[in-house]
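Inside the fold
One-letter residues, chain by chain:
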Amino acid sequence: MSQIKDIFERATIRGIADYLLFGTGPDKDDRDYEERMDEIYQRFETAVAKYDSNPNSELLDLRNELTSETASVYMEIGLQIGILLMQEIKKNIDREN
């Protein structure tokens, strides 16, 4: 029974994403999305400030572009994966009927 409970504990969006992206189980980090993003943005801005104190640094603008494009690509990939999973589920249900 413990194995079944473990499966359901790992069956989260983040757990599935971590496995698909990194081949690992879910991260134990329980911060919400905003907290996770705010923390890494702040760390990046602090690092950039060591090299460029300009608050309108080109590096910060490029970071925003990179983040935006990366999010867009992963969203598209995620939607396609979701559709493929739905098709497989439908095929399995049809096979059972």
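First, a word on what this report is: a plain description of the structure on this page.

When helices and strands are tallied, the chain shows four helices and zero strands. Starting at the N terminus and ending at the C terminus, the chain contains elements arranged as α-α-α-α. Expected size for 97 residues packed as a compact globule is a radius of gyration near 13 Å; at 19 Å, the chain overshoots this value by more than 25%. With the C-alpha coordinates aligned to their principal axes, the bounding extent of the chain is approximately 65 × 30 × 20 Å. A buried classification covers 6% of the 97 residues belonging to the chain. For the chain, the exposed area adds up to about 8800 Å²; of that, 59% sits on carbon and sulfur atoms. Charged side chains of the chain number 12 positive and 21 negative; the gap between the two group centres comes to 8 Å.

Tallied over the entire structure, the rule returns five salt bridges. Here Glu 39 and Arg 43 are joined by a salt bridge, their closest N and O atoms 3.4 Å apart. Placement of the pair is Glu 39 and Arg 43 together in helix 3 (residues 33-51), with a separation of four residues, close to one helical turn. Take Glu 39: its relative accessible area is 31%, and that puts it in the partly exposed class. For Arg 63, the salt bridge goes to Glu 45, with nearest N and O atoms at 3.4 Å.

Our focus in this paragraph is the side chain of Arg 63. Position of Arg 63 among the secondary structure elements: in helix 4 (residues 58-96). A residue is classified by how much of its surface remains accessible, and Arg 63, at 11% relative accessible area, is buried. Discounting residues that sit within four places of it in the chain, Arg 63 has contacts with Tyr 41, Phe 44 and Glu 45.

This brings us to the side chain of Ser 57. By secondary structure assignment, the location of Ser 57 is in the loop between helix 3 and helix 4. Note on Ser 57: relative accessible area 0%, which makes it buried. Within polar-contact distance, the side chain of Ser 57 engages the backbone nitrogen of Leu 59 at 3.1 Å. With near-sequence residues (within four places) excluded, Ser 57 lies in contact with Val 48 and Asp 52.

Moving on, we get to a negative patch on the surface. There is a patch of like negative charges on the surface, built from Asp 30, Asp 32, Glu 34, Glu 35 and Asp 38. On the secondary structure map, Glu 34 appears in helix 3. Given the relative accessible area of 57%, Glu 34 is considered exposed.

What counts and how
- Residues numbered from 1 in each chain as written.
- Predicted model: local features only at pLDDT ≥ 70, side-chain atom pairs only at ≥ 80, totals over all residues.
- Heavy atoms only, no water.
- Helix = DSSP H or I, 4+ residues; strand = E, 2+ residues; numbered from the N terminus.
- Rg over C-alpha atoms; globule rule 2.2 N^0.38 Å.
- Buried < 20%, exposed > 50% of the residue type's maximum accessible area, 1.4 Å probe, protein only.
- Areas by Shrake-Rupley, 256 points an atom, 1.4 Å probe, with all protein chains shown as cover.
- Lys, Arg positive; Asp, Glu negative; His and termini not counted.
- Charge placed at Lys NZ, Arg CZ, Asp CG, Glu CD.
- Salt bridge = Lys/Arg side-chain N within 4 Å of Asp/Glu carboxyl O.
- Contact = heavy atoms within 4.5 Å.
- Polar contact = N/O pair within 3.5 Å; in protein donor to acceptor, adjacent residues only side chain to side chain.
- Patch = residues over 30% accessible without salt bridge, like charges linked within 9 Å, V, L, I, M, F, W, Y side chains within 5 Å.

Everything listed here is a matter of geometry and, on its own, says nothing about what the molecule does.
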